[in-house]
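# Coordinate analysis (summary)
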Amino acid sequence: MKNTIAFLILSTAVLSGCNRFLEEKSNSNLATPETLEDNQALLDRNFVLGLNTVSGEVSADDVYVTESDFNNMAVEAEKRLHTWQPDRVAAPEGNDWENTFRRINIFNTVIYNLDHYDIPGSDNVRGQALVFRASAYLEAAQVWCLAYSKADAGARKGLPLRLDPDMNIPSVRSTLQQTYDQILSDLHLAAQLLPPSQISVIRPSKVTALGFLARAYLYMGDYEKALFYGNQALAIHAGLLDYNALNAGASYPITPMNTEVLLPTSMAYSGFLATNQAKIPAALYNSYDDNDLRKVIFFRKNAQGEVLFKGNYSGSSTRSSCMATDEIFLTVAESYAQTNDVPKAMSMLNQLLVKRWKTGKFTNYTAGTKDQALQMIRNERRKELLFRGVRWADLKRYNREGAGLTHTKVLNGVTYTLPPNDLRYAIAIPEDVIQMTGMPQNDR
Amino acid sequence: MKNIIILSMLLSGTCASAQYIVSGTVTAENDGTPLAGILVTSALSKTAALTDSKGKFVLQTAEPRIRIVFSGMGYDPKDVTVDLPVKEILQVVMTPKTASIEGVTLSTGYQKIAKERATGSFSTVNGELLSQQVTSNIMERLPAIVNGLMVDHASSPNAQLMVRGLSTIQGPKNPLIILDDFPYEGNLNTINPEMIASVTVLKDAAASSIWGARAANGVIVITTKRGKFGQRLNGEFTANTTVSDKPDLSYIRQMSSSDFIAVEQELFSRGFYNSDINSPSHPVLTPVVDLLNQAKKGLITSEEAQLQISRLQQNDVRDEYRKYMYTPGVKQQYALNLSGGSSNMSWISGVGYDHNTGNLSEEFERMNFRLQNTWKASDRITLSAGAYYTKTNDRSGRNGYGNIKVNGNWQIPYLQFADGQGNPLAIFSGYDQRYKESLNGKGLMDWNYYPLTDWQHTLAKSNSAELILNTSLQYKIFTGLNAEVKYQYQKNDRDNSTFYDRESYYARNYINGFAYYDTGNNIKFRVPKGGILDKSTATTTVNNVRGQLNYNYLSDRHEITAIAGAEMRTALTANDQNRLYGYDPIHQSSLNVDYLNKYPHFVTGGMDYILNRQGMQEISTRFISLYANAAYTFNRKYTVSGSARRDASNLFGLKTNDQWNPFWSAGLAWKISDEHFYPLHRLPDLKFRASYGYSGNIDPSMVAVTTIIYDPSPSTYTGTGMARIDQYYNPNLRWETSRMVNIAADFSSQNNRISGSVEYFMKKGSNLFGSAPLDYTTGIKTMLWNVAGMKGHGIDVELKTRNIVNRRLTWNTLLNFSTYRDEVTDYFLPNTFASNYINATGAAVPISGTVGLPVYSIFAYRWAGLDPQTGDPRGYLNGEISKDYAAITGSEKGIEDLEYFGSALPTTYGSMINTLAYRQFSLDIAVNYKLGYWFRRNSLNYTSLLSGRVGHSDFADRWQKPGDEAFTNVPSLNYTTNSSRDAFYSGSEVLVEKGDHVRLQYVNLSYELSPNKWVGIPLSSFRLYCSVSNIGILWRENKQHLDPDYSWGVNTLKPVTAYSLGFHIKF
C-alpha cells in the first residue's frame, strides 16, 4: 500500500510539472499573431498571392481571343464572363469573389489582432492593412457594382462590408455610398498613419494611400479631390521610368519594383489573359506612334502577326495590376482637364509621354478645349494602363458621363453586345454566395 | 439476428447420461504451476469441463474408454486416452506454445487480457494465419483476414484502413498502431512481419478507450514474438522469393492513338493550336501537331507528314511503357529468429533481410536486428530490455505510366521511347522541339528529353535507420500487485535525396532555363553546369515513459484485474532541407548561385529566382495521460469492467485546462455456459458481453486563437518573414462526441468444431467535425466545423469451423462477415447545392447532407438521354428535359434534385479463408468480398480532351450520328469546350455503378515434411510453401470490367499478381 501511495505522490508531482511540459510549441513555424512582426508577416505575404481580380480585364475591350482559342477555354464560367452573360460567370472551383474576400479577411485579421493584442507602435502596420483593405474593396466595387454617382449611390447596391475576421457574422450588402465611404475612411486614416516611404514597395506607404485616394475619387467623379490627392502623392514621389533606358528586345522589358511602382499586385490566372491567347486589337496597337517606345516595349507579335502584350509591370508573364506613378500622372492630368485647367492637364500628360517616346522625338501634345484634352488624356490612359486592371472601371465611368460606348463581340456566329450603362457592368456575384447568404443579386 | 437463431438451432443437442467420473489436475510443463481455465473435452461422450484455479477438473462420461482433449490458451493441446474406471487422479502436464501468443490472450498494449474474461470487442489473428501471405509490410496482410477491418478504396482516392466503418469525418483516419506496448511512430514498412506473433484489433470502446483520443479510428496492436522461461534453444528460419507480373496496362482506359490523332487533325484545321504554334514563348507541341504545322509551312510535304502520322497511329504508349519501363518484380525475404530461456531468463533475437525490386526496377532493402531479454532478478523483480534496429533503403526506378510528360498532364497515346534498334528517342517536352533544335550548337546543354535513359540520371533515394530501445522493470509488491515502469526510446533518422545528374533532363532543362547571352553573344550559365541535388533529413525522437500498477486477485469466486497508470510521451521531429547546384558526387562539391535576384528565363523571358530549397522545421508533440482499467469477475461467470482515461497535449493554442479529454467505457460479460441451468451441451462455451463507451474529441486543429504559420523562407524584398493564417479561431465550435455500444456472443461447440463470435455494434457521433463550405465572403472557403451528426451500426460475425477433422484430411473455414450502415442524423451545413454532392472525377466523395442517408452517398444528376439530333447529354431542370448545363449544375439546384443511389462505403464486407490439409499438404484459399455500395466511374471529358489533351477510351463509343443514342450514353464531340456540359455528364447517373465484388485474394499451398523421418537432422519442422496473391476479381456487378477498388482516375493500375515460393524451418 505504501508503494501505491508513493506512486500516487510521484504521479501528482509529475502532473504538477505538466503545464510547463505542455507549453512547448508544437511546430516551430507556428505562432499566435501577437506581435507586430507576426502581423507584418501576414501582410508581406499578400504580395506573393497574386489574387487580384481578372473579371474586369476579361470583360473589357483591351484584349480579344481568337474563336478557336475561345472554343478551347477550360472554364465555362470565364467564357460566359467574356461574352457578358448576366449570370453564372464565376467558376465554383475558384473565382474573383473568393480571391478578393480571402485577402480582405487577412487584412481584417491584422487590424483585429492589433486591437485584440493591444500591440504598441502599430500605426504603420495598421496603415498598411487599411490601404490593402481599401484597395481590395475599391477594386471589387469596380467588378460587382455599377459606376458611382453621388446622386443615387445611397440607393444602389454596394458590397458586403466585412470589417471583422469573425466568420460567424452574416454577409449583408451595403449601399454603394457606404462602400465608398468605407474605402475613403480607410484610406484617409491610412494616409495619416503611414510614413512617406517603406523599406520595400510591397508595403504600402503614405504615397500609396494617396494614390488610391486619387484613384477612388477619380472613379467617383470627384475630380477636385482626385487632383488634390494625386498631387499630394506626386509631391512625395513622382519618379517615372524612362523607356529609353529599357531593353525593348527583352521578353519582359519592364523591371518589377521599378521607380514607378507604389504597390505591386498581380492578377489571378485566366485563360483569357494568358500570354499566348490574349491578343491586342489591331486598332489599339496601331494607335501607338512608331516613335512611341511602348509599341515595342509593350507588344510583340507572334508568328502570325497577332499582337501580344509583354509590358507587364511584374517583369514576367504575370499580369500586374499595380498602383504606380504613371497612373497618378494620368489621374492628375484628367482631373485638371475636368476642372478646366487644360494647360496643367496637358503638362502632366506630356511629362509622362516624354518618358515613353524615343528621346527627342516627342513633341508636346496641346489641346484647345477641355473636351479635346479629355479625349487625349483618356486615349493615353488606355494606352499607358493596358492590362493594369483599370479599363473596366474607366469604361463604366466614361459611360456614366455620357460617352455612350457600345461594345460587341462576335464568336461562333453569335454577336454579343454590351450597350452603354448596361446593368451587366455590375458583374454577377457568384450564385452560390447569393444562395448561402440571401444577399440580393445585382439587378438584371 | 438471423444468424444467431440458425446457430442456436444447429447447436442445440441432447444430454448424455453419465456413469463414470474422471478427475485430475493440469499443470504447466515449464514451472509446474496448476493451470486454470483449461478446456477438458471428450468428443465421444460429448462432455466438457474447465479446470479451476488449482488446475483441477472433473469430467463425467458414459463410455468405458474415452479420448480426452485438453486445450487452453498458450498451450499445445493434449490428447489422453483412458480406460474407465480409473483408480488414480489423472496428472496432465501441458506444454506452453512456443514463440506465439495464441488468439485467446488479447493484448491491448497496456495489459494482456484473457479472452474468457474480456468484455470488449477484439479481433485477433495469429502468426500462422498471418504467414499465409507473403508481403514485406504487415498491414497489407490484415484486410484479407481480420474481422471488421476493411480497406476503404471507395470514399477517397487514398486507400484507408478502416475499423468498423466511419468514426470521424475529418482528420486523420488512420488507426493507431501499437508495437508491443507503445504507439509506433514511423513507416510501417520498417516492421518485419516475420517478427510478429499476433495482431489484435481493438474494435469497440471497451477495448480501445484505454488509448484515449488517438483510438478514435480503432487500434491495431502488433505483438512481437517473445522468448519463454525454461525453454530450450528454439530457432526458426524462413526464406522466400516472390515474383510479380508486370502490371496490366490494358486496364488504363486510354484513348486510341488513331482517335486521338483524328481529333488533333480536326482541331489543327480549326486553328486550335495557332496561338501555341505562333507564340514567341515556344510552347511545346505534340508530335502530330508539329508534323501538321511543318507540312503547312511547307517544310515537309503533306505526304511525308501523313506517312509519319500514320506510323504514329500504330503506336500505343502503353506498349512502350510495358516494353521499356515495367519489369517483373522480385522480392526476397529472409528471417531468422532464435529464442530460448533458462528458469530466470528468456530471450529472443532475430535477424531479417528483405530485398524487393519493384515493377519499375525501384528497390527496397530492409535489415532488421532484434534482441529482447527478460530476466527474473528475484521473486519480486523482473527486468526486461530490448533493442530493435532497422535499416531501410529505397531507390527510385523507371517512370511509370503517366510520368513521362510532354507538358502538364497531357496524355499523348502515341509517344515512342525508342527507335527500331532500341536507341533512345527524344520526346517533345517543355518547349517546341523545332525551337530546341534551332538552339543546337549555340552552347547550351542538350535540351532533349530521352525517357528511355533519363531515369538512370535521376535517382531518388531514401535511407532510414531506426533504433528502438525498450526497458522495463516490474516489481512485485505483494502477490497480485506489482508496479512496473516501462521506457521506450525510438529514434529514426531519414535521409532523402534526389540527385539529378548533369545528364538528366531535369538538370539540363533547369540550367538552360537560366542561361543567357552575354554582351559578346556567348551563352553563359547562371546555374552552373552540373548535377542538382535535393536533400532532406528528418530526425524523429520519441520518448515514452509509463508507470503502471497491475493488480490481480484470484480466488475461487472472485477475480480482479486492474491497472492504473500514467504516461508521458514526447515526439520531436526535426526537418531540414536544402538544394545544391553544380553538385559533383565524386568530390561532394557544389557551387554557389545567386538567390537574391530574379533572372529572365532563356525561352520565355519571365523573371524568376533560382529556386532556394533551404528550410527547417521542428514539430514537437507532447502527451500526458492518466488511465485506469479494472475488471471484476465473480464466480468465473460474471465480469464487469471499466476503463477511464484523460489526455493532455501541447496542441498549439489550447489552454492547458482545455486539454484534458475524458474517455471512459464500461463492459459486462456473462459466461452463461457455466451456469448450472445452461442447456446447450452441444455448445459448451457461450458467453455474452456488452460494452458502452464515450469519448469526446477536440480536433487538434481546433484552437482557441487564430494561429499563423511562417513560410520557410523570408520575403526577398523585406528580408523579414512571411506568414499565412493556419487556423481560424471559431468560437462556435463544440466538442465532437461519440458513443459506442457493443453487444456480442462468443461461442464454441464441442471440440471447437464451430466457434466464433457474433457482435452487434452501434455508434453515434454528435457534432462531428468536417470541412464545411462557408459563405466565402467571410474569406474562408471551407472550415473545420461541426457539420453533422451520424449514427452507424453493424454486425461482425467471425466463424471458425472445422468441417472435416480426421487423421488424413482436415478442412477448416474462417468466415468473416461484417455489415456496416450509417446515416446522417443532423446536418448543420449552410447549403445543400446539388453540385456539392457530386464528386468531381478523382475527388473524394463528399458528405451527404440529407438526414437518413449514408454519410457518404452516391448521388447523380438525372439523365434524360442523349439528344437524338446532336448527341448532347440532357438532364432535367425543373422537371423539364434540359440542356442548360450551367443551370443544372449550378447552385440553384439542391440535393433534392439529384438521384440518390446508395452508400459509397461497402455495407457488407468480409472474407472467407478455407484451409484444407491432406496428409502433409495444406491449402489456404482466401476470398474477400465487398457488397452493397456504389461508385462513380470516370469517362470522357471533352474539356480535358480539347484543352488538356487527356482522352478516354469511351471516346470510341461517342455519339456520332442520329440513332447512336440508342446504344451509347457518351456525348458527341462539339469542338468547343463546355465545362458545365462535361460536369453534367461526369456527374450523371449513367456513370454510377454498383461496387459489389468478390475477390480471390490469395491461395497458399504448403507442404510439411515430417522431420521425425530423418534421423540425425535436428529440425522440428520443415515447411515448403508457395502462394499466389492479388489473383483478381471472381465476380463483380459492374459490366464495365472495372475493379471498384482501383477505379480512381484514369491512370489507376490494379495491384499485380504475385507468386511466392519459400520454406520455413524450425529447430
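Residues numbered from 1 in each chain as written. Chains lettered and ligands numbered in written order. Predicted model: local features only at pLDDT ≥ 70, side-chain atom pairs only at ≥ 80, totals over all residues. Heavy atoms only, no water.

### Some points on the overall build of chain B
Put simply, the test is: Only runs of H or I of at least four residues qualify as helices and only runs of E of at least two qualify as strands under DSSP, and these elements are numbered from the N terminus. Put simply, the radius of gyration uses C-alpha atoms, and a globule should come to 2.2 Å times the residue count raised to 0.38. Using a 1.4 Å probe on the protein chains alone, a residue whose accessible area is under 20% of its type maximum counts as buried, one over 50% counts as exposed, and one in between counts as partly exposed.
Regarding its fold elements, chain B presents 14 helices and 51 strands. Whereas a compact globule of 1067 residues would reach a radius of gyration of roughly 31 Å, chain B reaches 33 Å, a difference of no more than 12%. Taken across its 1067 residues, chain B has 55% of its residues classed as buried.

### Quick look at the packing of helix α15 (residues 325-338) of chain A against helix α16 (residues 342-353) of chain A
When two helices pack together, their arrangement is given by the angle between their axes and by how far apart the axes lie. Residue and element names in this part refer to chain A. To keep things clear, this is the line we draw: Only the stretch in contact is used when a helix axis is fitted, and all axes are lines through C-alpha atoms; the angle between N-to-C directions ranges over 0 to 180 degrees. Geometric relationships in this document are graded by angle, where less than 35 degrees denotes roughly parallel, more than 145 denotes roughly antiparallel, 65 to 115 denotes roughly perpendicular, and other angles denote oblique. Put simply, a crossing is left-handed when the front helix is turned counterclockwise from the back one by less than a right angle, and right-handed when it is turned clockwise. In what follows, a contact means two residues having at least one pair of non-hydrogen atoms within 4.5 Å. Residue classes follow a fixed rule: Ala, Val, Leu, Ile, Met, Phe, Trp, Tyr, Cys and Pro count as nonpolar, while Asp, Glu, Lys and Arg count as charged, and any other residue, Gly among them, counts as polar.
In the contact formed by α15 and α16, the axes pass within 7 Å of each other and the chain directions differ by 160°. Taken as axis vectors, α15 and α16 run roughly antiparallel relative to one another. Pair α15 / α16 crosses with left-handed handedness. Residues D326, F329, L330, V332, A333, Y336 and A337 of α15 pack against K344, A345, M348, L349, Q351 and L352 of α16. The residue makeup of the contact of α15 with α16, split by class, is 10 nonpolar, one polar and two charged.

### Thoughts on the sheet that holds strand β7 (residues 90-94) of chain B
Residue and element names in this part refer to chain B. This is how it is decided: Pairing between two strands is assigned when DSSP locates at least 2 bridges connecting them.
Pairing within the open sheet is mixed, and its three strands lie in the order β4-β1-β7. Edge strands, defined here as strands with exactly one partner in the open sheet, are β4 (56-61) and β7. Strand-to-strand twist of the sheet, defined as the mean angle between neighbouring strand axes without regard to direction, takes the value 30°. Pairing geometry for strand β1 (residues 20-28) and β4, over six bridges, is antiparallel.

### Quick look at the interface of chain B and chain A
Just so we agree on the cut-off: Note on terms: buried area is the combined drop in 1.4 Å-probe accessible area of two parts once they are placed together, counting the loss on both. Salt bridges are counted wherever a side-chain nitrogen of Lys or Arg sits within 4 Å of a carboxyl oxygen of Asp or Glu. N or O atoms closer than or at 3.5 Å make up a polar contact, with two conditions inside protein: a donor-capable atom paired with an acceptor-capable one, and, for residues adjacent in sequence, both atoms drawn from side chains.
On the chain A side, the residues contacting the 89 residues of chain B number 83 residues. Of the roughly 7,300 Å² buried at the junction of chain B and chain A (both faces included), carbon and sulfur atoms supply 58%. Between chain B and chain A we count two salt bridges in total. We note a salt bridge from K781 of chain B to E98 of chain A, for which the minimum N-O separation is 3.1 Å. At the boundary of chain B with chain A, the tally comes to 32 residue pairs in polar contact (both at pLDDT 80 or more). When residues of the side of chain B that touches chain A are assigned to their parent elements, the largest contribution, nine residues, is made by strand β31 (residues 615-634) of chain B. Class assignment for the residues of the side of chain B that touches chain A results in 40 nonpolar, 38 polar and 11 charged. The pairing of strand β1 (residues 30-31) of chain A with strand β35 (residues 707-710) of chain B spans two bridges and is classified as antiparallel. Residue pairing for β35 of chain B: L30 of chain A is matched across the bridge by I709 of chain B.

### Considering the pattern of salt bridges
The final tally for this structure, using the stated rule, is 70 salt bridges over all chains. In this structure, K279 of chain A and E306 of chain A form a salt bridge, with 3.5 Å as the shortest nitrogen-oxygen distance. Of the two residues, K279 of chain A sits in strand β5 (residues 279-280) while E306 of chain A sits in the loop between β6 (299-301) and β7 (307-309), which places them 27 residues apart along the sequence. We classify K279 of chain A as buried; its relative accessible area is 0%. Residue class for E306 of chain A comes out buried when judged on its relative accessible area of 17%. Its salt-bridge partner being K524 of chain B, residue D518 of chain B comes within 3.3 Å of it at the nearest N-O pair. Taken together, the shared-partner salt bridges connect E260, D292, R294, D326, R356, E380, K383, E384 and R388 of chain A into one network.

### Re the packing of aromatic side chains
For the record, the criterion: Aromatic contacts are taken between Phe, Tyr and Trp rings whose centres are within 6.5 Å, Trp giving its six-membered ring; a plane angle under 30 degrees counts as stacked, one over 60 as edge-to-face, and the others as tilted.
Counting across every chain of the model gives 52 aromatic pairs over all chains. Ring geometry for F298 of chain A versus F309 of chain A: centroids 5.4 Å apart, planes at 65°, classification edge-to-face. Remark: F309 of chain A occurs in strand β7 and F298 of chain A occurs in the loop between α14 (294-297) and β6; sequence separation between them is 11 residues. Judged by its relative accessible area of 1%, F298 of chain A is buried. A ring pair is formed by F921 of chain B and Y1007 of chain B, whose centres lie 4.6 Å apart and whose planes are at 45°; its orientation type is tilted. Taken together, the residues span a long stretch of sequence, with F921 of chain B in strand β46 (residues 921-931) and Y1007 of chain B in strand β49 (residues 997-1009) at a distance of 86 residues. Classification of Y1007 of chain B by relative accessible area gives partly exposed; the value is 27%. These aromatic residues form a ring-pair network of at least three members: Y243, Y285, Y288, F298, F299, F309 and F387 of chain A.

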